[in-house]
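Observations on chain architecture
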Amino acid sequence: MQSGPAAPMLEMRGITKRFPGVLANDAVDLTVLPGQAHTLLGENGAGKSTLMKILYGLYRPDEGEIRIDGEPVVFGSPSDAIDQGIGMIHQHFMLVPTLTVAENVALGLGGRRGMADMRPVTKRLVEVSERYGLQIDPDAYIWQLAVGERQRAEILKALYRDARLLVLDEPTAVLTPPEVDELFSTLHQLTDDGKGLVFISHKLQEVMALSDEITVLRDGRVVGNTTPDDTTREQLAEMMVGRPVELTRTVAAQQPGEARLVVSGLAVTGDRGHAALKDLSLEVRAGEIVGIAGVSGNGQRELAEAVFGLRPVNSGTVTVDGKDVTNEPPRAIRDHGVAYVPEERMRDGAIGEFNVAENLTLVDHDREPYSRHGFLNRAKIDDHCARLVADYDVKTPSLATGTSSLSGGNIQKVVIAREFSAEADVLVVAQPTRGVDIGAAEYIHERLLEQRSKGSAILLISEDLEEVIQLSDRIVVLLEGEIQGDLTREEADDRALGLLMSGVT
């Protein structure tokens, strides 16, 4: 993308950041040139987010300096970074749920009128969204949007401000292959215009396709600098994790048993009052993984919530092992043998203010052997939680550590450990590896396949097509709340699924 030598637009030199008991960044160097796409790779907890929060003025470095266009700068807040032309799309969305998309964009713009007159903002937001192919309703409230739509709002929020240096943290996590191609065309266009990109992604094929340069972090230190021409996906994964990683998984065939989860004629209303699911029917058998693919916002979240009793069913039925559980409360559905891993771990799966042990026993702390006659049995709870932390390789200083202080991958492991240890007959698992590093994703996949081999019926909802194709015995594609296609693993590939997700049969 870049041509000829150029002076760096960004230099981070010797950046060191300490937190109590943790050295998050250890003398990290990062240089981005104009017109360059520079990828930052590393496991969860490797220090990527800390480094970018320092760049964006959310943290102050303990040591080191930042230079923009050769001049030293000190960022006391994100406003300082924005003033220097830095835009950031956060992995955990920085959006106000009770405001509209346009109001969220306007929120940090300032000016005399503030948010009194939204017409100019809405007009330009529509222009930017059309230019970059990221369609969204400017007047929609954030709380009404699916995760993928919120991601688009974050991308548009940064693009709206014409940032010279754009930091993108997992921007493709919820996009279809055609949408990823469109986004990459946009990113290439930005670098052709001389803008710099810092791209954070766990999808190695994307890293190889987009990057001019790659910096790999592990345990807060830079362990490698390379380019796509000088490395392979396998080498990048090993640099990140410190050991060989299985990138291509072969799933042994097994004969599924009786249908354990049966959804018949399901009709469900979405948050914005529209029909999110329309007469949807599917079944998942014992020892089978059925993957649900589709662009975010096409009924996946509503399907999971309806099955688990979190969203009212207008018509149709949900049956578990022959028992009708339609519209029963989640506790009753859990008692029927259903476990649930929600797509938003910090909103619906875990309580950040609770410690690790409290989250691991969140759903059964009031039952024996963890409590009796209203009194908690701390010894039993600690034994159980210590075993889960060890079995699921949760990296935490202690069981008393606040869950919000863990990395995203370890929070996900806490949720999965709690749900999978219930030995449920039916598992509803949504976005199990979103924002999770390669090592943690490999581990979560192993655990999913272990549950499959034990005879659980698994409904896997994921927008990572590689994940869906590798793990699923069958793949169902949703489009506007209806089944667009039902394929076996052998029939499915990126192109076939991408076309179905785009409405091409």
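Relevant structure appears above.
Residues numbered from 1 in each chain as written. Predicted model: local features only at pLDDT ≥ 70, side-chain atom pairs only at ≥ 80, totals over all residues. Heavy atoms only, no water.

**What about the packing of aromatic side chains?**
Taken as a whole, this structure holds 3 aromatic pairs when the rule is applied. Centroid distance phenylalanine 19 to tyrosine 59: 5.3 Å. Interplanar angle 70°. Geometry classified as edge-to-face. Placement of phenylalanine 19 in strand 1 (residues 10-19) and of tyrosine 59 in the loop between helix 1 (48-55) and strand 4 (63-68) is noted, with a sequence separation of 40 residues between them. Of the residues examined, tyrosine 59 reaches a relative accessible area of 27% and is grouped as partly exposed. In this structure, arginine 124 packs its charged tip against the face of tyrosine 160, placed 4.7 Å from the ring centre. For the cation-ring pair, lysine 413 lies above tyrosine 443, with the distance from its terminal atom to the ring centre recorded as 5.3 Å. (Phe/Tyr/Trp six-rings, centres within 6.5 Å; stacked < 30°, edge-to-face > 60°. Helix = DSSP H or I, 4+ residues; strand = E, 2+ residues; numbered from the N terminus. Buried < 20%, exposed > 50% of the residue type's maximum accessible area, 1.4 Å probe, protein only. Lys NZ or Arg CZ within 6 Å of the ring centre and 35° of its normal.)

**Side note on the packing of helix 14 (residues 408-420) against helix 15 (residues 438-453)**
Where helix 14 meets helix 15, the closest approach of the two axes is 11 Å, and the angle between their N-to-C directions is 10°. Viewed along their axes, helix 14 and helix 15 adopt a mutual orientation that is roughly parallel. Mapping the contact onto sequence places Gln412, Lys413, Ile416 and Phe420 in helix 14 and Ala440, Tyr443, Ile444, Arg447, Leu448 and Gln451 in helix 15. A breakdown of the residues in the contact of helix 14 with helix 15 according to their chemical character gives 6 nonpolar, 2 polar and 2 charged. (Axes fitted to C-alpha atoms, helices over the stretch in contact; angles between N-to-C directions. Parallel < 35°, antiparallel > 145°, perpendicular 65-115°, else oblique. Contact = heavy atoms within 4.5 Å. Nonpolar A, V, L, I, M, F, W, Y, C, P; charged D, E, K, R; others polar.)

**Remarks on the environment of valine 320**
Relative to the assigned elements, valine 320 resides in strand 14 (residues 315-320). Placed 78 residues apart in sequence, valine 320 and serine 398 show a C-alpha to C-alpha distance of 37 Å. Residues contacting valine 320, with those up to four places away along its chain left out, are Arg260, Leu261, Val325, His336, Val338 and Val426.

**Section: helix 17 (residues 494-501)**
Of the positions making up helix 17, those classed as buried are Leu497, Gly498, Leu500 and Met501. Down the axis, helix 17 shows its buried residues gathered within 165° of arc, on one side only. Here helix 17 starts with a cap whose side-chain oxygen sits 3.2 Å from the backbone nitrogen of arginine 495, and that cap is aspartate 493. Residue glycine 503 follows helix 17 closely and has a positive phi angle near 100°. (Arc of directions from axis to C-beta. Polar contact = N/O pair within 3.5 Å; in protein donor to acceptor, adjacent residues only side chain to side chain.)

**A word on the sheet that holds strand 1**
Pairing is antiparallel across the open sheet formed by 4 strands, whose spatial order is 2-1-4-5. Of all strands in the sheet, those bounded by a partner on one side alone are strand 2 (22-32) and strand 5 (71-73). Across this sheet, the average inter-strand angle for adjacent strands is 30°, counted without regard to direction. Sheet analysis places strand 1 next to strand 2, joined by 7 bridges and oriented antiparallel. (Pairing = 2+ DSSP bridges.)

**Description of the side chain of threonine 50**
Relative to the helices and strands, threonine 50 resides in helix 1. With relative accessibility at 14%, the residue threonine 50 sits in the buried group.

**Points about helix 13 (residues 378-391)**
End to end, helix 13 covers 20 Å across 14 residues, agreeing with the expected 20 Å (1.5 Å per residue, within 8%). Taken together, the buried positions of helix 13 are occupied by Ile381, His384, Cys385, Leu388 and Val389. Summarising the axial view, the buried residues of helix 13 lie within an arc of 135°, below the 170-degree limit, and thus occupy one face. Among the exposed residues of helix 13, those pointing more than 90 degrees away from its buried face are Asp383 and Ala390. Looking at the buried residues of helix 13, the elements they touch are helix 12 (356-360), strand 18 (375-376) and helix 14. (Expected span 1.5 Å × (residues − 1).)

So yeah, pure geometry; function would need other evidence.
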